[in-house]
Amino acid sequence: MTRENGFGISLQFYGEVAPLVGDLGRAMCVALDQGHAVLCAVSDSTRLMLEEQLTKRGIDVSDARTRGQYVYLDGVDLLRQITHNSRPDPARFHDVVDWEVESLVNEYAGVWMYGELAAILWSQGHERGAIELDRLWAFVAESKPVVLCVAFPVEALSWPIVIKSLRAAVAEQIRAIARDSSIALAIHRGPMERKTD
């Protein structure tokens, strides 16, 4: 879902990691080139692949990190800070993640974020916690001028909890579109009077 101002949420499902990393690297490069900030909450192995993509595209990763334009949060360590019994704690999430995002928003016109925290939880077998964490990320993206990219393994599409969550999200999008549609306006205004000869 992307809002009119260009900010919003992008949800991706991936089969192979390499094409996903390539897409993310391009998006990060564009964001940094345009003077926006980038925040990644990922595993160390993903960080190395993403930074390799940036370096190939001419971005000085060390300089961007020193200036604070590129922020890396270790996904595994971050999960230890913000979860309890494999479920995210909203207060801890706010204290750690929301604070970091807020500081970037105050300094840059836009912030591009990629998080694989939910995917890490998912891979550990904590599906419900992953969905709850995804919702916390979504709330940040909906309340601040950021672009959030979230990715799940394609296998996630076979889990009932994801199907239910996706159905709810799609239904909400349909309701939002319908609210502004001509048929919705017609229902709201009531039937027009017919002209009689």
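Residues numbered from 1 in each chain as written. Predicted model: local features only at pLDDT ≥ 70, side-chain atom pairs only at ≥ 80, totals over all residues. Heavy atoms only, no water.

### Here's the deal with the pattern of salt bridges
Line of reasoning, step 1. Under the defined criterion, the tally for this structure stands at 11 salt bridges.
Line of reasoning, step 2. Notably, a salt bridge pairs R26 with D23, separated by 2.3 Å at the nearest N-O pair. With R26 and D23 both in helix α1 (residues 17-33) and three residues apart, the pair spans about one turn of that helix.
Line of reasoning, step 3. Residue class for D23 comes out partly exposed when judged on its relative accessible area of 36%.
Line of reasoning, step 4. Note that R47 is salt-bridged to D44, the shortest N-O span being 2.8 Å. With R47 and D44 both in helix α2 (residues 44-56) and three residues apart, this pair spans about one turn of that helix.
Line of reasoning, step 5. A relative accessible area of 36% places D44 in the partly exposed class.
Line of reasoning, step 6. Connected through shared salt-bridge partners, D44, R47, E51 and R65 make up one network. (Salt bridge = Lys/Arg side-chain N within 4 Å of Asp/Glu carboxyl O. Helix = DSSP H or I, 4+ residues; strand = E, 2+ residues; numbered from the N terminus. Buried < 20%, exposed > 50% of the residue type's maximum accessible area, 1.4 Å probe, protein only.)

### So, the side chain of T83
Line of reasoning, step 1. Of note, T83 is situated in strand β4 (residues 83-84).
Line of reasoning, step 2. Exposure remark for T83: the relative accessible area of 15% places this residue in the buried category.
Line of reasoning, step 3. Ignoring any residue separated from it by four or fewer positions in sequence, one finds T83 in contact with P88, D89 and R92. (Contact = heavy atoms within 4.5 Å.)

### Some points on the packing of aromatic side chains
Line of reasoning, step 1. One pass over the structure, following the stated rule, counts one aromatic pair.
Line of reasoning, step 2. Measuring from ring centre to ring centre gives 5.5 Å for F93 and W137, while their planes differ by 85 degrees; the resulting arrangement is edge-to-face. Highlighted residues: F93 in helix α5 (residues 90-107) and W137 in helix α7 (residues 127-143), separated in sequence by 44 residues.
Line of reasoning, step 3. You can call F93 buried: its relative accessible area is 3%.
Line of reasoning, step 4. What makes W137 buried here is its relative accessible area of 2%. (Phe/Tyr/Trp six-rings, centres within 6.5 Å; stacked < 30°, edge-to-face > 60°.)

### Side note on the environment of I131
Line of reasoning, step 1. You can see I131 is positioned in helix α7.
Line of reasoning, step 2. Residue class for I131 comes out buried when judged on its relative accessible area of 8%.
Line of reasoning, step 3. The sequence separation of I131 and A118 amounts to 13 residues, and the corresponding C-alpha distance is 6.9 Å.

### Comments concerning the nonpolar core
Line of reasoning, step 1. Counting residues in hydrophobic clusters, the biggest one holds 30 residues, and the most contacted among them are L39, F93, V101, M113, L117, L133 and W137.
Line of reasoning, step 2. When contributions to this core are tallied by element, the ones reaching two or more residues are β2 (37-42), β3 (70-74), α4 (75-82), α5, β6 (111-115), α6 (117-123), α7 and β7 (146-153).
Line of reasoning, step 3. Apart from the residues lying within four places of it in its own chain, the contact partners of F93 are I82, D98, L133, L136, W137 and V140.
Line of reasoning, step 4. Grouped together as the second largest cluster of nonpolar side chains are 20 residues, M28, V38, L50 and Y114 included. (Core = buried A, V, L, I, M, F, W, Y, C linked by side-chain atoms within 4.5 Å.)

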